[in-house]
Amino acid sequence: MSGLLQRRLLFVSGKGGVGKTTVAAALGLLAASRGKRALVCETDPRGGLSNAYDCGPTAFQPLEVSPRLFAMSMDTEASLREYLKLNLRVPMVGRIGPLARAFDFVATAAPGVREVLTVGKLCWEVREGHFDIVVVDASASGHIIGQLAAPIGINELVRVGAIRNQTDWMLEILDDPAQTGVCLVATPEETPVNEAVELVGRLKEETGVHLAAVIANRVLPELFSGGDQATFDALCSTGGIRRLSEAIGRGEHPILTEVLEAARLAVQVRRSGAEHLARLREGVPADVPLIHLPYLFGRSNGPRAIRQVADFLGEELGE
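As the structure is a computational prediction, the values presented were derived from the model and not from experiment. (Residues numbered from 1 in each chain as written. Predicted model: local features only at pLDDT ≥ 70, side-chain atom pairs only at ≥ 80, totals over all residues. Heavy atoms only, no water.)

### Description of the pattern of salt bridges
In the structure shown here, the tally under the stated rule is 5 salt bridges. Between Glu125 and Lys121 there is a salt bridge, with the nearest N and O atoms lying 2.5 Å from each other. Remark: Lys121 and Glu125 occur in helix α5 (residues 113-128); sequence separation between them is 4 residues, near one turn of the helix. Across the salt bridge formed by Glu206 and Arg202, the nearest N and O atoms sit 2.9 Å from each other. Taken together, the residues span about one helical turn, with Glu206 and Arg202 both in helix α8 (residues 190-206) at a distance of 4 residues. The exposure class of Glu206 is partly exposed, given its relative accessible area of 36%. Overall, the relative accessible area of 27% leaves Arg202 in the partly exposed class. Each of Glu82, Lys121 and Glu125 takes part in salt bridges that share partners, so that together they form one network. (Salt bridge = Lys/Arg side-chain N within 4 Å of Asp/Glu carboxyl O. Helix = DSSP H or I, 4+ residues; strand = E, 2+ residues; numbered from the N terminus. Buried < 20%, exposed > 50% of the residue type's maximum accessible area, 1.4 Å probe, protein only.)

Structure below.
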């Protein structure tokens, strides 16, 4: 677990809605707080990082949102423009016109081109050493395999030349577990766990990228200890509310029923979540750490929540 932030490139994925943007933002913040120059990149620019860091809109050019911490949003056209400038020495100003239309046609006809431009940009940042670590708020679990496997497809399609050479060094970075890893995020619910377990298998079968960690997000705390649970079960039994009312010197009151029902629901949800977490642990290789993040009882996904998650991650990683 202590080696998670020693990697140079981390892809954070999971079912939509499980909090992968929060985890990616927190990992970047944690890395920066420990002296690393960190870049967090969202591949689907919907403003998630902007809200997480309260930094205003992010763009293709990295924006320093706090000391040593940078945020950016992926833009495949801008990535193509940068690629042409770096490799063909072609200055590009504004939209690239006919070339952009040709690119749109090729990208539509040849699946994987857009994904290679995304992954290639991230690998290039790693190769050039602009940042100590690049954390990617990657595509959801239904799409990340295509993103990570794209360089393999291009590499098999193009046997010689500059593009083949470039996918070669990209794959060297992606397939090196010391440099690159995937963090899967899941909540203790049936569908997110199912998707996470499925993705574990697909990562191994269809890509060479190493599974670095699985993060169980929004885990509810245990409400009662063993002894307290027995007492609670007795209170919920027939006559329990009446005896409790007598013990506190009041007649039977509706609020007591409501409190006990709320507590019983919380226990049931916690137990259900524990079963899903057990299934998640069974579906993940034993050598891959399963990190638990507690449920944050708040509505904000802004800097305060990100700091809390970063602190929890720091405690779990023990770095």
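### Topic: α8
The end-to-end C-alpha distance of α8 is 24 Å, a good match for the 24 Å that 17 residues give at a rise of 1.5 Å each. Every buried residue of α8 is accounted for by Pro192, Val193, Ala196, Leu199, Val200 and Leu203. One side of α8 holds all its buried residues, which, seen down the axis, span an arc of 120°. (Expected span 1.5 Å × (residues − 1). Arc of directions from axis to C-beta.)

### Considerations on the sheet that holds strand β3 (residues 63-66)
The 8 strands are arranged β3-β4-β2-β5-β1-β6-β7-β8 in an open sheet whose pairing can be described as mixed. Edge positions in the open sheet fall to β3 and β8 (290-294), since each of these has one partner strand only. Each strand of the sheet is rotated relative to its neighbour by a mean of 25°, with strand direction disregarded. Judged from the 5 bridges that link them, strand β6 (residues 180-186) and strand β7 (residues 211-219) form a sheet pairing that is parallel. Residue pairing in the sheet places Val185 in a bridge with Ile215 of β7. Against the sheet, α8 makes contact with β1 (9-14), β6 and β7, and its axis sits at roughly 160° relative to β6, the strand it touches most. Relative to the sheet, helix α12 (residues 303-317) contacts β7 and β8, its axis offset from that of β8 by approximately 145°. (Pairing = 2+ DSSP bridges. Axes fitted to C-alpha atoms, helices over the stretch in contact; angles between N-to-C directions. Contact = heavy atoms within 4.5 Å.)

### Remarks on the nonpolar core
Grouped together as the largest cluster of nonpolar side chains are 47 residues, with contacts concentrated most on Leu9, Phe11 and Leu280. Looking at this core, the element that brings in the most residues is α5, giving 6 residues. Among the nonpolar cores identified, the runner-up in size contains 35 residues, and Leu4, Leu30, Tyr53 and Leu69 belong to it. (Core = buried A, V, L, I, M, F, W, Y, C linked by side-chain atoms within 4.5 Å.)

### Re the side chain of Gln147
Along the chain, the position of Gln147 falls in helix α6 (residues 144-157). Gln147 gets classed as buried once you look at its relative accessible area, which sits at 6%. Only 3.2 Å separates the side chain of Gln147 from the side chain of Ser139, close enough to count as a polar contact. In this structure Gln147 touches Thr43, Glu115, Thr118, Val119, Ala138 and Ser139, once residues within four positions along its chain are discounted. (Polar contact = N/O pair within 3.5 Å; in protein donor to acceptor, adjacent residues only side chain to side chain.)

### Considering α12
Taking 1.5 Å per residue as the helical rise, α12 with its 15 residues ought to reach 21 Å, and the 20 Å between its terminal C-alpha atoms agrees with that figure. Residues of α12 that are buried include every one of Ala305, Ile306, Val309, Ala310, Leu313, Gly314 and Leu317, and no others. Contact partners of the buried residues in α12: α1 (20-33), α2 (48-53), β7 and β8. Immediately downstream of α12, the backbone of Gly318 shows phi near 65°, a positive value.

### Details of the packing of aromatic side chains
Evaluated as defined, the whole model comprises 2 aromatic pairs. With centroids separated by 5.4 Å and ring planes inclined at 65°, the aromatic side chains of Phe70 and Phe131 adopt a geometry described as edge-to-face. Of the two residues, Phe70 sits in strand β4 (residues 69-73) while Phe131 sits in the loop between α5 and β5 (133-137), which places them 61 residues apart along the sequence. Between the NZ or CZ atom of Arg127 and the centre of the ring of Trp169, over which it lies, the distance is 4.1 Å. (Phe/Tyr/Trp six-rings, centres within 6.5 Å; stacked < 30°, edge-to-face > 60°. Lys NZ or Arg CZ within 6 Å of the ring centre and 35° of its normal.)

### So, the environment of Phe224
Position of Phe224 among the secondary structure elements: in the loop between β7 and α9 (226-236). Overall, Phe224 belongs to the partly exposed group, its relative accessible area being 22%. Between the C-alpha atoms of Phe224 and Ala263, which are 39 residues apart in sequence, the distance is 9.7 Å. Sequence-distant contacts of Phe224, that is, excluding residues within four places in its chain, are made with Gln229, Phe232, Ala263 and Val267.

### A closer look at unusual backbone geometry
Backbone geometry places Asp54, a non-glycine residue, at a positive phi of 50°. Among the secondary structure elements, Asp54 is positioned in the loop between α2 and β3. Residue Asp54 is classed as exposed on the basis of its relative accessible area of 62%. In this structure, Arg68 is a non-glycine residue whose phi angle is positive, near 70°. Positionally, Arg68 belongs in the loop between β3 and β4. Looking at Arg68, the relative accessible area reads 37%, which means it is partly exposed.

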